[in-house]
Amino acid sequence: MNMSRHHISVTVNGNKREADVDSRTLLVHFIRETLGLTGTHIGCDTSNCGACTVILDGKAVKSCTILAVQAEGKEMLTVEGLAKDGKLHPVQEGFWEKHGLQCGFCTPGMLMTSYWLLQKNPNPTEEEIRRGISGNLCRCTGYVKIVEAVQYAAQKMRQPEAPVPAR
Amino acid sequence: MAVEAPVIHEMGHAIKRKEDPRFIQGHGNYVDDIKLPGMLHLDFVRSTYAHAKITRINAEKALAHPGVLAVVTGKDLEAAGLAWMPTLMNDKQMVLPTDTVVYQGQEVAGVVAEDRYAAADGVALVEVEYESLPVVVDPRKALEPGAPVVRPDKNTNAVFHWEAGDKQAVDKTFKEADVVVKQDLYYPRIHVSYMETIGCVAQFDSIAGKLTMWMTTQAPHAVRTVASLVTHIPENKIRIVSPDIGGGFGGKVYVYPGYVVAAVASIKTGRPVKYINDRSEDHQSTAFGRDWYMTAELAAKRDGRILGLRINTTSDHGAFFGDANPSKFPAGLFSICTGSYDMKAAYAEVNGAHTNKPPGGITYRCSFRVTEAAYAIERIVDILAHKLNMDPAELRKKNFVPADKFPYKSALGWSYDSGNYQAAMDKALKKIGYAELRKEQEEKRKRGELMGIGISSFTEIVGAGPANTFDILGLKMFDSCEIRIHPTGTAIARFGTKSQGQGHETTYAQIISEELGLPVDAITVEEGDTDTAPYGLGTYASRSTPTAGAAAAMASRKIQAKAKKIAAYLLEAREEDLVWERGKFFVKGSPDKAKTIQDIAFAAYTNHPPDLEAGLEAVHYYNPPNMTFPFGTYVCVVDIDRGTGEVKVRRFLAVDDCGNIINPLIVEGQIHGALAMGFGTAFMEEIKYDSDGNQLGGNFMDYLIPTAVETPRWETDKTVTPSPHHPFGAKGVGESATVGSPAAYVNAVVDALSHLGVTHVDMPLHPWRVWQILKDKGVAL
């Protein structure tokens, strides 16, 4: 178990962050423990649940399945980076408005996957939303309200109105 | 100056949740988010065997590994008198084994290290040698003579025998019956799979002599008391904090061995210790749900009138009897199994068994075994309808407890508070277009297509419970609320319950808002910290609204009574001349000269009557006079693919009656979530074991829970039949749909196949199981 150390530099939510990590350190542990961004969660150990989803170089990835060293030089967006200037992102608004969360544990991953889905497909059908979030498990909502939340966000992003304050 | 009245958002408003801003911005505070200076990590060596003698544990290599500080074994705990701990059902449970392991995945040794990676390394380096022992995994076999005995400290696998009802009276109904149906029903073993696994951070402050545990618990106060009784640490030196909880569903009522080891490790090392289960560990060792083998029999007249019900059950409790039940109810509230039907006599029997499987039984939103009860009655009623060639809706209507018979005394002794079963069913059938669906089904059958309609008209029993019967280890199952109104008219309210996603920060505030007229935004709700919250038994079995919600109303009313005295003083009037209109008192006939609750709050600290104590606060410990009995009718429509056996739920309508509603949005969310869990139960989820006791569903690769792709678009509606004994007529709703929906799914699938002679299929109804039936019946494509 001789572990080599690596110096990595990652742009996280617009800020450059640097750290030394073990070669085996998972990206999710780097995010949560090194960077202290605990919004990204760990819900399983088989890459099924998606609670750890973040955006890495524009793509939604499960950060439990990527090594921290693989993020070297990349840009990363976590749930903490969604709201801007005290204003919620439309996907955050949608989840709040439509009761798209209950315990909140899957929520950061769901938000990031929804964010990515709407980047790729700004006007998804219900079927496309359901397929799009199928790599993220939620045990509380039964998904209907999450689908409605994503539809709300899609609508909002196509027709921007005054964003909702974060508090 | 005209001041706009504040928006109150009292009961009945579908307001957005107050707790959500932190969750949608990544600022929730779950146990694994807690990071304390010097914190160590605890990980476990787990048994690879289901039943074995431990012949040797060699921790040398682990202890030599960089970062590993200690390896804790059962022998170490034994020296401290902590190798065993009590369970909630007056059994005892191994914290760590001293010589024998009794299920696969059981904690064998705890490795304490500087970080989670070093702890995992240490786990891999601990060498454990086992000598395997004979295994029993089927509770029916466990009760046969000669079966391997699971427990080293017992000479039998029998856990308990429980029965309810008049056996002779039921036998008589079976003699009088024109028709009798009988069916074996297996309710599979499932795991609730909250998205956040269990864990804790233990911090022992040796100077103060105080142990603080942040832990994933649904019942922090009870944990504190039990911990104090077991460890003899004074109760004021134990603080249990439930931070944000990522779903509980009953699985986080239990006290798990890892919590105890973490506390011991913190006491021994003087440093905080974090323990978080991996998903696989969680799935293989924490509490399961169900695993009941039921045989249900119904006696009826030819016209469909039900006379009597008999259910015999063998239940699996794993190696330790630790079900999170009220202590006087070893079989939970299974005696609700007569359901929505008026019958002369019923008898239910449950025989509990130990097996080489993890302990548990009461989890997965089951309302203390009401899931099993509702499934049994709703399935056997459908089987009777099939036998009589009657429409299942007609048969149900014929046997419903009539609306004018409430309060209704059931054959097994419960006093149902209120109900109108016919109304809920009528609404459901009309809304889904039942008659048209039956026509469509008939036409499809002619074309060889498989379509089914399933109904479930369940009755729930929640709100545990009245102090004369409901306790956990002697602690009465009241719950509590303490409200303090600040001088400037805002408030903090604390409760003995603990939300795990149910939205208490919003709904409790709405109750207080309803009672006192304070805006919801002016009320902070806190739960889960035993140093600050009033004592309560916690959140599970849909009890929060019936108990702590009631306490919120009662505490508010105490405050209102004091506010009235202050208002009378301020208005220089007699109390009996005052009128209360939400948020203000005024003298009858002079509403323009009102004193608002905010005025009164300020006066309570600045200008109160000389003969009255200062302050405006109250606490109430609510002892419910009875249980509440939510109900509903669910209708499920399925189409079955003859090529693959895949069942597509085309529609699912839930008409629920949970009494008066606090927040319609949250109620709908609760129903949706529980419908999805019922869906998972019916179609996907099962933990199986092979004959050697290897668990075959130990992670999310092997144990499938529903995704957005499989789950249907739920339809919901409601009827409102208030509880007559609850302060604001609410009943509770969290588990109605896990109780009511599984039978609807199964009834729909069986209905689709009934013309082929199929009368029952056990859950889960996954494609291969259905396809095998299609093949047997010669209709598979």
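All residue numbers refer to position in the chain's written sequence, counted from 1. For naming, the first written chain is A and the first written ligand is 1, with later ones following in the order written. The predicted nature of this model means local features are confined to residues of pLDDT at least 70 and side-chain atom pairs, given and counted, to a pLDDT of 80 or more, with totals for whole chains, interfaces and linings taken over all residues. No hydrogens and no water enter the side-chain calculation; it runs on all heavy atoms of the structure.

**Quick notes on the overall build of chain A**
Quick reminder of the rule: Segments assigned H or I by DSSP are reported as helices when at least four residues long, segments assigned E as strands when at least two residues long, and all are numbered from the N terminus. Relative accessibility under 20% of the residue-type maximum defines a buried residue, over 50% an exposed one, and the middle range a partly exposed one, all with a 1.4 Å probe and only protein chains included.
Check the secondary structure of chain A and you find 5 helices and 5 strands. Taken from N to C terminus, the helices and strands of chain A fall in the order β-β-α-β-β-β-α-α-α-α. The dimensions of chain A, computed from C-alpha atoms along their principal axes, are 50 × 35 × 25 Å. Of all 167 residues assigned to chain A, the portion counted as buried reaches 57%.

**Details of the domain arrangement of chain B**
Residues and elements named next belong to chain B. What counts here: Source of the domain bounds: an automatic or database domain assignment. Here the quantity called buried area is the total loss of accessible area, with a 1.4 Å probe, experienced by two parts when brought into contact, counted for both. In the analysis that follows, any N or O atom pair within 3.5 Å is treated as a polar contact, provided that within protein one partner can donate a hydrogen and the other can accept it, and provided that, for residues neighboring in sequence, both atoms belong to side chains.
The domain boundaries assigned to chain B delineate domain 1 (20–27 + 479–622), domain 2 (34–133 + 196–246 + 252–285) and domain 3 (289–464 + 626–776). A straight line from the C-alpha centre of domain 2 to that of domain 3 covers 37 Å. Between domain 2 and domain 3, a total of about 2000 Å² is buried, with carbon and sulfur atoms accounting for 60% of that surface. Considering only the surface of domain 2 that becomes buried against domain 3, Met89, Tyr254 and His283 emerge as the three largest contributors, covering 37% of it. Viewed at the interface, domain 3 and domain 2 are joined by 12 residue pairs in polar contact (both at pLDDT 80 or more). Looking at the side of domain 2 that touches domain 3, the elements with two or more residues in it are strand E5 (92–94) and helix H9 (279–285). If you tally residues by element for the side of domain 2 that touches domain 3, the top one is H9, at 5 residues.

**Re the pattern of salt bridges**
Note the following rule: Within this document, salt bridges are pairs made up of a side-chain nitrogen of Lys or Arg and a carboxyl oxygen of Asp or Glu, the two lying within 4 Å of each other.
A full pass over the atoms with the stated rule returns 69 salt bridges over all chains. Between Arg574 of chain B and Glu576 of chain B there is a salt bridge, with its nearest N and O atoms 3.8 Å apart. Taken individually, Arg574 of chain B and Glu576 of chain B each receive the classification exposed, so the pair is uniform in this respect. The network of salt bridges with shared partners includes Arg32 and Glu33 of chain A together with Asp32, Asp33, Arg116 and Lys274 of chain B.

**What about the nonpolar core?**
All names here are of chain B. Note the cut-off: Here, nonpolar core means buried Ala, Val, Leu, Ile, Met, Phe, Trp, Tyr and Cys residues that are tied together by side-chain atoms lying within 4.5 Å of each other. Contact criterion: two residues are considered in contact whenever any of their non-hydrogen atoms come within 4.5 Å of each other.
Residues Phe334, Trp414, Phe652, Phe683 and Tyr745 are the most contacted members of the largest nonpolar core, which totals 214 residues. Look past the residues within four positions of Trp414 in its chain and what remains in contact with it is Phe329, Leu333, Ser335, Ile336, Tyr408, Lys409, Ile461, Phe470, Met627 and Phe629. With 43 residues, the next largest nonpolar core counts Ala551, Ala553, Ile559 and Ala568 among its residues.

**Quick notes on the environment of Asn121 of chain A**
All names here are of chain A. Mapped onto the elements, Asn121 comes out in the loop between helix H3 (107–120) and helix H4 (126–132). Taking the relative accessible area as the measure of exposure, Asn121 reaches 21% and is therefore partly exposed. Taking the C-alpha atoms as reference points, Asn121 and Gln92, separated by 29 residues in sequence, lie 17 Å from one another.

**Observations concerning the side chain of Asp121 of chain B**
Considering the arrangement of structural elements, one finds Asp121 of chain B in helix H4 (residues 116–125). Polar contacts involving the side chain of Asp121 of chain B include one to the side chain of His65 of chain B, which spans 2.9 Å.

**Digging into the interface of chain A and chain B**
Short version of the rule: Three categories are distinguished: nonpolar for Ala, Val, Leu, Ile, Met, Phe, Trp, Tyr, Cys and Pro, charged for Asp, Glu, Lys and Arg, and polar for the others, with Gly belonging to the last.
Taken together, the 50 residues of chain A in the interface contact 56 residues of chain B. Both faces considered, chain A and chain B share a buried interface measuring about 4700 Å² in area, 56% of it formed by carbon and sulfur atoms. Summed over the shared surface of chain A and chain B, the number is 8 salt bridges. One salt bridge connects Glu668 of chain B with Lys145 of chain A, and the closest N-O pair in it is separated by 2.9 Å. Remark: the boundary between chain A and chain B carries 29 residue pairs in polar contact (both at pLDDT 80 or more). Those elements that provide at least two residues to the side of chain A that touches chain B are helix H1 (27–34), helix H2 (90–97), H3, H4 and helix H5 (144–158) of chain A. With 4 residues, the single largest contributor to the side of chain A that touches chain B is H2 of chain A. Here the residues of the side of chain A that touches chain B sort into 22 nonpolar, 16 polar and 12 charged.

**Some remarks on the pairing of strand E20 (residues 450–459) of chain B**
Residue and element names in this part refer to chain B. Stated formally: Strand pairing is defined by DSSP finding a minimum of two bridges between the two strands.
Counting buried positions along E20 yields 10 of 10 residues, so the element is predominantly enclosed. Here E20 shows two buried faces, one formed by Leu450, Gly452, Gly454, Ser456 and Phe458 and the other by Met451, Ile453, Ile455, Ser457 and Thr459. Where E20 meets strand E30 (residues 631–640), 10 bridges bridge the pair, whose relative direction is antiparallel. Bridge pairing links Ser456 to Tyr634 in E30.

**Brief notes about helix H16 (residues 597–606) of chain B**
Residues and elements named next belong to chain B. Selection rule: Starting at the helix axis, one direction is taken to each C-beta atom, and the arc is that of these directions.
Those residues of H16 that fall on the buried side of the exposure criterion are Ile597, Ile600, Ala601, Ala603 and Ala604. Down the axis of H16, the sector holding all buried residues measures 165 degrees, keeping them to one side. Buried residues in H16 make contact with strand E23 (479–485), helix H14 (504–516), helix H15 (544–571), strand E26 (578–581), strand E27 (584–587) and strand E28 (595–596).

**Brief notes about the environment of Ser691 of chain B**
Residues and elements named next belong to chain B. Position of Ser691 among the secondary structure elements: in the loop between helix H17 (664–683) and strand E32 (715–718). Under the relative-accessibility criterion, Ser691 is labelled exposed at 62%. Considering only alpha carbons, one finds Ser691 and Arg396, 295 residues apart in sequence, at a separation of 41 Å.

**Re the environment of Ala331 of chain B**
Positionally, Ala331 of chain B belongs in the loop between strand E16 (306–316) and strand E17 (345–353). The contacts of Ala331 of chain B, once residues within four sequence positions are left out, are Phe160, Trp162, Trp292, Asn325, Val350 and Arg369 of chain B.

**Looking at the sheet that holds strand E9 (residues 158–165) of chain B**
Residues and elements named next belong to chain B. The line we're drawing: Axes, fitted as lines to C-alpha atoms, cover a helix only where it is in contact. Angles between the N-to-C directions of the axes lie from 0 to 180 degrees.
The 5 strands are arranged E9-E17-E16-E15-E10 in an open sheet whose pairing can be described as mixed. The open sheet has two edge strands with one neighbour each: E9 and strand E10 (179–190). Each adjacent strand pair in this sheet contributes to an overall mean axis angle of 10 degrees, direction not counted. Both E16 and E17 contribute to a ladder of 9 bridges, which runs parallel. Residue pairing for E17: Asn312 is matched across the bridge by Glu349.

**A few points about the packing of H2 of chain A against H3 of chain A**
All names here are of chain A. We apply this condition: In what follows, roughly perpendicular refers to angles from 65 to 115 degrees, roughly parallel to angles under 35, roughly antiparallel to angles over 145, and oblique to any angle outside these ranges. Crossings are classed by handedness, with left-handed meaning an anticlockwise turn of the near helix from the far one by less than a right angle and right-handed meaning a clockwise turn.
Running from amino to carboxyl end, H2 crosses H3 at an angle of 125 degrees, the nearest separation of the two axes being 9 Å. As summarised for this structure, H2 and H3 are arranged oblique, according to the angle between their axes. Here H2 and H3 pass one another in a crossing that is right-handed. Note on element contacts: H3 touches H2 through Thr107, Met110, Leu111, Ser114, Tyr115 and Leu118, opposite Val91, Gln92 and Phe95. Looking at the contact of H2 with H3 residue by residue, the classes come out as 6 nonpolar, 3 polar and no charged.

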